Amino acid sequence: MNVHDSDRIRRMIQDAGYAEVQRYEDADLVILNTCYVRENAVDRVKGHLGELNRLRREGRVKRVALTGCIGAAEESAALRRTYDIDLVLGTHNTYELAEFVGLPTMQETYTPELPGTEGGHNAFVTIMTGCNYQCSYCIVPTVRGRMVCRPMGSVIGEVENLVAGGTGYVTLLGQTVDAWRHEGKRFCDLLEAVSEIAPRVWFTTSHPSNMEDRTLKAIGERNTIVKRLHLPVQSGSDRMLKVMHRGYKAERYRRKIEVFREAAPDGTLSTDIIVGHPGETEEDHEQTLRLVEDCAFDSAYIFKFSPRRGTEAATLPGTVPDAVVQRRFLEVLRQVEQNAFTRNQRKVGGEEQIYIRHGSTEDGKAIGETWSGHAVHVNTDAAPGNYVRARIESAGPHVLYAGEADTSV
Ligand code: 5AD
Ligand code: SF4
């Protein structure tokens with residue numbers, strides 16, 4: 001979501017006549033588009049602000065703007081007192097940047113109505129913003145607001161334009177895309193409609209309580225949908241899931257995964273897991289390990305709990321000591337990687353059609369994606385957006401390695 005918002009900001013300031021540079025010292029204007037989901041994101045922003053302050057004193061950088069989720073949080077006031085920042089914008093008024101960079105005042109542009117990225121081989125399409133859940137640990141509803149679903153016609157119109165302009169890969173975006181609904185239509189209807197138009201489709205991110213079996217089946221059946229599901233589970237313990245207000249039990253999650261594995265046996269499954277949420281016991285942790293083993297994730301983002309001011313979890317008792325969090329983190333990581341490695345090994349020897357995401361670097365290796373959603377390093381000079389065929393020669397826990405590509409596909 002932030003990458004997509006940054007794309008839009010970039011296009012807006014380019015419209016105002018700015019050119020992009022690679023180093024702060026070459027910039028008149030620096031816009032930090034920020035994440036607030038965990039404290040390490042804030043630490044990084046503080047590091048950048050410190051450096052920008054120094055460059056400003058030397059007269060190198062002239063103006064600094066802070067946008068995105070930190071901008072929408074109370075903490076931005078404290079940052080403003082410590083650092084030299086000219087403009088702070090949240091997530092609902094980014095359009096005010098227009099005036100700041102000398103463009104005519106815009107109407108609200110950062111609603112889901114804003115046209116997306118054009119001209120790229122792949123593009124994000126926002127289908128909903130905000131989130132109606134209230135997970136104990138999460139700051140997103142505070143900084144992004146309640147769910148707003150974009151009308152189906154508007155999404156389809158954008159996808160049609162993108163495809164007509166040469167985009168071959170569309171990713172539907174939102175905090176809980178599968179909660180999308182509009183005028184009697186549900187997410188699966190939208191996904192199916194988009195998969196009729198776009199040559200390649202993916203979506204992220206989903207919530208287990210909203211994920212319908214028919215969506216999981218559509219992933220398996222439709223050959224334009226990448227068979228890759230990202231379904232954050234957060235914990236394998238029913239007790240913790242309740243404390244987190246996730247709204248489902250581990251058993252329901254396992255059942256969803258069974259449906260997905262049956263619909264797309266070759267597909268890839270990823271998740272998000274939080275370790276060390278307040279009150280997490282050894283027994284809760286064991287249950288997460290069990291769930292990880294049962295679901296055999298192909299990858300997982302594992303996060304150490306980070307207290308966010310203003311969330312319920314920040315006030316809960318039962319802080320888990322750092323050393324315990326670290327051990328649990330490593331245990332979950334090891335379990336995920338073992339499973340992923342075993343599953344990836346099964347791909348070795350097979351021939352795959354690979355979508356090139358990033359063109360080759362000096363070593364001649366490009367980064368692509370199979371229809372099963374595996375990341376592949378492949379020897380090819382094919383440009384991003386093209387397909388090649390290649391045989392998988394080896395596999396690690398995170399990526400597959402293919403041999404020489406055949407580009408005649
Ligand atoms: N601490 C740790 N991880 C968090 N996430 C969200 N909030 C927190 C937090 N306070 C994780 C969740 C979510 C992902 C995007 O970030 O796992 O799915
Ligand atoms: Fe945050 Fe996702 Fe929960 Fe919404 S569903 S509150 S974005 S973790």
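Values in this document were obtained by computation on a predicted structure and should not be read as measured data.

With that settled, consider the overall build of the chain. Along the backbone of the chain there are 12 helices and 18 strands. What you see for the chain is a C-alpha radius of gyration of 22 Å, in line with the 22 Å of a compact globule of 409 residues. Counting every position in the chain, which comprises 409 residues, the buried fraction comes to 52%. When contacts within the chain are restricted to residue pairs at least 6 apart in sequence, long-range pairs at least 24 apart make up 71% of them. With the model as given, the accessible surface of the chain reaches about 18500 Å², and the carbon-plus-sulfur share is 48%. The distance from the centre of the 50 positive side-chain charges to the centre of the 57 negative ones in the chain is 3 Å.

With that out of the way, let us pick up helix α6 (residues 152-164). Between the first and last C-alpha of α6 there are 18 Å, a value that for 13 residues agrees with the 18 Å anticipated at 1.5 Å per step. Looking only at α6, the buried set comprises Met152, Val155, Ile156, Glu158, Val159 and Leu162. Seen end-on, α6 carries its buried residues on one side only, within an arc spanning 160°. Exposed side of α6, more than 90 degrees from the buried face: Gly153, Asn161 and Ala164 are the residues found there.

Moving on to the site of ligand 2. The local shell around ligand 2 consists of Cys131, Tyr133, Cys135, Tyr137, Cys138, Val140, Pro141, Thr176, His207 and Arg246. Here the shell around ligand 2 is composed, by residue class, of seven nonpolar, two polar and one charged.

Here we have three strands laid out as an open sheet, ordered β1-β2-β3, and parallel in their pairing. Unpaired on one side and paired on the other, β1 (29-34) and β3 (87-88) mark the two borders of the sheet. Contacts from helix α2 (residues 39-57) reach β1 and β2 (63-68) within the one sheet, and its direction differs from that of β1 by about 170°.

Glancing now at the sheet that holds strand β7 (residues 169-173). Remark on secondary structure: sheet strands pair via backbone hydrogen bonds, oriented parallel or antiparallel. Judged by pairing direction, the sheet is parallel, and its three strands sit side by side in the order β4-β7-β10 without closing on themselves. Each edge of the open sheet is held by one strand with a lone partner, namely β4 (122-126) and β10 (201-204). The mean angle between the axes of side-by-side strands here comes to 25°, regardless of whether they run parallel or antiparallel. Sheet topology note: the β7/β10 ladder contains four bridges and is parallel. Within the sheet, the bridge partner assigned to Leu172 lies in β10 and is Phe203. Relative to β10, helix α7 (residues 187-197) is tilted by about 150°, and along the sheet it contacts β7 and β10.

Around ligand 1 sit Val37, Arg38, Tyr137, Gln234, Asp272, Ile274, Phe303, Lys304, Phe305, Ser306 and Arg308, and those are all the residues in its vicinity. Contacts to ligand 1 include Gln234, whose side-chain N or O atom sits 2.7 Å from an oxygen atom. Separating a nitrogen atom of ligand 1 from a backbone N or O atom of Ser306 is a distance of 2.7 Å. Counting only elements with at least two residues in the shell around ligand 1, the list comes to β12 (268-275) and β13 (299-304). Grouping the amino acids of the shell around ligand 1 by side-chain chemistry returns five nonpolar, two polar and four charged.

Another aspect to go through is the nonpolar core. Judged by nonpolar contacts, the single largest core of 51 residues is most densely connected at Ile127, Leu172, Val194, Phe203, Leu229 and Tyr253. Every residue in contact with Phe203, bar those within four places of it in the chain, is listed here: Thr171, Leu172, Val177, Phe187, Leu191, Met211, Thr215, Ile219 and Leu229. Counting residues in each nonpolar core, the second largest holds 22 residues, with Ala27, Val30, Leu52 and Leu79 among its members.

On the surface, a cluster of negative charge is made up of Asp238, Glu251, Glu258 and Glu262. A total of three residues in the negative patch trace back to one element, the largest contributor, which is helix α10 (residues 250-263). Here Glu258 lies in helix α10.

Cut-offs and rules
Residues numbered from 1 in each chain as written. Chains lettered and ligands numbered in written order. Predicted model: local features only at pLDDT ≥ 70, side-chain atom pairs only at ≥ 80, totals over all residues. Heavy atoms only, no water. Helix = DSSP H or I, 4+ residues; strand = E, 2+ residues; numbered from the N terminus. Rg over C-alpha atoms; globule rule 2.2 N^0.38 Å. Buried < 20%, exposed > 50% of the residue type's maximum accessible area, 1.4 Å probe, protein only. Contact = heavy atoms within 4.5 Å. Areas by Shrake-Rupley, 256 points an atom, 1.4 Å probe, with all protein chains shown as cover. Lys, Arg positive; Asp, Glu negative; His and termini not counted. Charge placed at Lys NZ, Arg CZ, Asp CG, Glu CD. Expected span 1.5 Å × (residues − 1). Arc of directions from axis to C-beta. Near = heavy atom within 4 Å. Nonpolar A, V, L, I, M, F, W, Y, C, P; charged D, E, K, R; others polar. Pairing = 2+ DSSP bridges. Axes fitted to C-alpha atoms, helices over the stretch in contact; angles between N-to-C directions. Polar contact = N/O pair within 3.5 Å; in protein donor to acceptor, adjacent residues only side chain to side chain. Core = buried A, V, L, I, M, F, W, Y, C linked by side-chain atoms within 4.5 Å. Patch = residues over 30% accessible without salt bridge, like charges linked within 9 Å, V, L, I, M, F, W, Y side chains within 5 Å. Salt bridge = Lys/Arg side-chain N within 4 Å of Asp/Glu carboxyl O.

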